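# Observations on chain architecture
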Amino acid sequence: MHSLRKKLNAKPEVAAFCNACVIMTSTPTGWEALTSQNGFKHHNRHELVCAARSGCPLCYWIFHCFRGVWKYGVQGHLYLSAISCVQRPISVRYGVAERPRDADSIPAHFENSISALKATLEFDPPMVNQVEELYREQVTFLIEDSPLFFQNESEFNAFYAREQVRVCRSITKTLTDKISQTIRYCPQHLHCPDYKQPKLPSRVVDIGSNPLRLHVSEKHERGDYIALSYCWGIHQEFITTASSLDSRCEGFKIEDLPLTLQDAVLLARNLRFKFLWVDALCIVQDDTRDKAIEIAAMGQVYKSATVTISAANSACAQDGFLMSMIAEQSFLLPTRAAGFGILKVGLPQSRGFQEAEPLETRAWALQESLLSPRVLVFNTNELLWHCQTMPMNYWGGRSEQNHADRLPCNIFGATDTNIADSRDRNSRIWIDIVEEFTKRSLTIPGDRLSAIEGVASELSRIWNDEYFVGLWRKGLPRLLSWKREYDANMDDAPELSNLFPSWSWASVNGSITFCVMEHISATLVGISKETSLSEKLFASLVIRARLWNSQQLTTLVDPDEMHEYLDTLPWRHTDDSYYMVIGYSSLWPSPVHEVVGVRLHKSTEDQFKRCGAWRGLSKMDISILKEEQDIFTIN
């Protein structure tokens, strides 16, 4: 893989196509294959990664469209074929005639020109289970305009050099200087923390040495370092184990690392850092005790890093993230099979570059980003800077951030102009985090709380609140209004009710959202918890709230305006179902209120388990919610 590494490039350059694309479009045999039924046999995965990193526009976008499906190690080949349309007009760029004099020499594919290019992956059948049980994946690139035809090569070359998209190398000297300047001046931002040389993690990679080596930090050793956030992928071979720990400390070659780690070393060196923290190298992966200690400290590792590199565009450690970026949404494809023609190729609208970056689909990565005061994000066609104050796109303009992108800045020691202890504000912050976190995937479902524990620990410190199985004491019972979003995989997802209490969103898999309400009528009386020998966390909430059975509910809430969100499917309606009211919102000026609550299943006297959420419209006198409230326990 070391042959894929890119050197620094000082300036943008015209996008150049790879050898396979040139053969496909500029030779008679290549064009004949492209326009045939079977298509032109293009790259395998390794070749496609090489071409994409080098800046071939077509390979770049094909790779990004298929990166979520064509996993590292999956065998197969890419085929491209032309989709024809009848008698599209020919645009003659130079000359006054509507058709060139040598019209008879214009190849038939310009007379009956192509309207699209179809890229198809064909996998080897033995690997089919690793690609979602599909033998083929397809994506189509539309030809946006009529083809341009040029009467000679000089006119063709002049137009192509002027109009073709430019390659923006992921890292150049000019760019690293700009990033270094951003890092240097970041503490002057209103909400960003000052630099204080942190205590080094227990191990870091010394990238200033040659060869590289794993540095074991002294007890109170301090130093600046960069942290890496990235996707491992299916398998990562170069890791630190108990047997390789000594050899890692003695030294290893950069070429031995997977490409994403090579890129991180290259970038960190050019930003003039001596140390780099990478989990695969700095944690002993087969030592259970060491992993437990280091994972518990990961929050502090990212929080103390000067900057975190987010390899968001890379689906696995073998692909790298320093690709030659192509930001434009179309590019020119030259054809020289016969004559000089150019096709304007537009990007597919259905998949690929519009989807989330690979790292943005990983639950653990959210915590790494949130706990980092400064993040350098390598997206598919953007290079972003995120700090506590000023998000920025290095390719031009400011970057947008979601509410869940940043934590309160006083976590990092900066001044927060809005640090008042507000239950509603804190609940909204946590709701944003949980909703973003639960959209993402976990390799081990039981990590549903562990993967966000570092964030909760930091928030607990500044909020002076008790974090409890995914929820907050001061946010209860409002935060019980979570609901599980249904998707096609919901039935197959393993349940976590054997690990966590039913009232916690951690007890179910899948995406979580929260019902919104203006007024809370229920109150939290108390919390108790204990851990069983089976390591299940038994925790109970004692709640005071209005509690209705099914028959009472239908008299108070319009059945046609009642919506239920079940925690598990299928669920059978029984007489043991009860409906707790959490709160309501007034739909002013209408006399109607939207009531929000939790559906419960009665297990024993005054003991309930949660089985869903609900909301509905009611014209009742809202004061009834404060009257005749019951006290009961949810386990």
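Residues numbered from 1 in each chain as written. Predicted model: local features only at pLDDT ≥ 70, side-chain atom pairs only at ≥ 80, totals over all residues. Heavy atoms only, no water.

## A short note on the pattern of salt bridges
Heads up, the rule is: The term salt bridge refers to a pairing of a side-chain nitrogen on Lys or Arg with a carboxyl oxygen on Asp or Glu at a separation within 4 Å. Working definition: helices are DSSP H or I runs of at least four residues, strands are E runs of at least two. Numbering for both runs from the N terminus. To sort residues, take the accessible area from a 1.4 Å probe on protein chains only and compare it with the maximum for the residue type: under 20% means buried, over 50% means exposed, and anything in between is partly exposed.
Tallying each qualifying case throughout the model produces 19 salt bridges. The closest approach of N and O atoms between Lys274 and Asp206, which form a salt bridge, is 3.2 Å. Taken together, the residues Lys274 in the loop between helix H9 (259-270) and strand E12 (275-277) and Asp206 in strand E9 (residues 203-206) connect sequence positions 68 residues apart. With a closest N to O distance of 3.0 Å, Lys483 and Glu485 form a salt bridge. Residue classification places Lys483 among the buried positions, given a relative accessible area of 13%. A residue is classified by how much of its surface remains accessible, and Glu485, at 30% relative accessible area, is partly exposed. In this structure, a network of salt bridges that share partners links the residues Asp206, Arg213 and Lys274.

## Points about the packing of helix H12 (residues 363-370) against helix H13 (residues 423-437)
How two helices pack is summed up by the angle between their axes together with the distance between the axes. Applied cut-off: To obtain each axis, a line is fitted to C-alpha atoms, and for helices this fit is confined to the stretch in contact; angles are then taken between N-to-C directions over 0 to 180 degrees. Note on angle classes: values under 35 degrees are labelled roughly parallel, values over 145 roughly antiparallel, values of 65 to 115 roughly perpendicular, and the remainder oblique. We call two residues in contact whenever any of their non-hydrogen atoms come within 4.5 Å of each other. When residues are sorted by character, Ala, Val, Leu, Ile, Met, Phe, Trp, Tyr, Cys and Pro go into the nonpolar class, Asp, Glu, Lys and Arg into the charged class, and all the rest, Gly among them, into the polar class.
Relative orientation of the contacting elements H12 and H13 amounts to 140°, with a least axis distance of 9 Å. Taken together, the axes of H12 and H13 lie oblique to each other. Two secondary-structure elements touch here, H12 through Ala363, Leu366 and Leu370 and H13 through Ile433, Glu436 and Phe437. Its residues assigned to classes, the contact of H12 with H13 shows five nonpolar, no polar and one charged.

## Focus: the sheet that holds strand E17 (residues 383-387)
Worth spelling out the cut-off: By the convention used here, strands pair only if DSSP detects at least 2 bridges between them.
Read from one edge to the other, the open sheet built from eight strands follows the order E10-E9-E12-E11-E13-E16-E17-E18, with strand pairing classed as mixed. The sheet terminates laterally at strand E10 (213-216) and strand E18 (392-393), the two strands that pair on one side only. Where helix H7 (residues 173-185) meets the sheet, it contacts strand E13 (307-310), strand E16 (374-378), E17 and E18, and its direction lies at approximately 10° from that of E17.

## Details of the packing of aromatic side chains
Counted only if it meets this: Between the rings of Phe, Tyr and Trp (Trp by its six-membered ring), a pair exists once the centres lie within 6.5 Å; its type follows the angle of the planes, with under 30 degrees stacked, over 60 edge-to-face, and the other angles tilted. Throughout this description, the term charge over a ring refers to an Arg CZ or Lys NZ atom that lies within 6 Å of the ring centre and within 35 degrees of the ring normal.
Scanning all chains against the criterion turns up 19 aromatic pairs. With 5.8 Å between their ring centres and 5° between their planes, Phe468 and Trp503 make a pair best called stacked. Separated by 35 residues along the polypeptide, Phe468 in strand E19 (residues 467-468) and Trp503 in the loop between strand E21 (482-484) and strand E22 (512-514) bring together distant segments of the chain. The buried category is assigned to Phe468, whose relative accessible area is 2%. Measuring from centroid to centroid gives 5.6 Å for Tyr578 and Phe608, while their planes differ by 75°, and the two rings are edge-to-face. Residue Tyr578 is found in strand E28 (residues 577-586), and its partner Phe608 is found in strand E30 (residues 607-618); the two are separated by 30 residues along the sequence. Using a relative accessible area of 3% as the deciding quantity, one classes Phe608 as buried. Within the aromatic cluster, the residues linked to one another by ring pairs are Phe150, Phe156, Phe159, Tyr160 and Phe340. Arg610 extends its terminal NZ or CZ atom over the ring of Trp482, reaching a point 3.4 Å from the ring centre.

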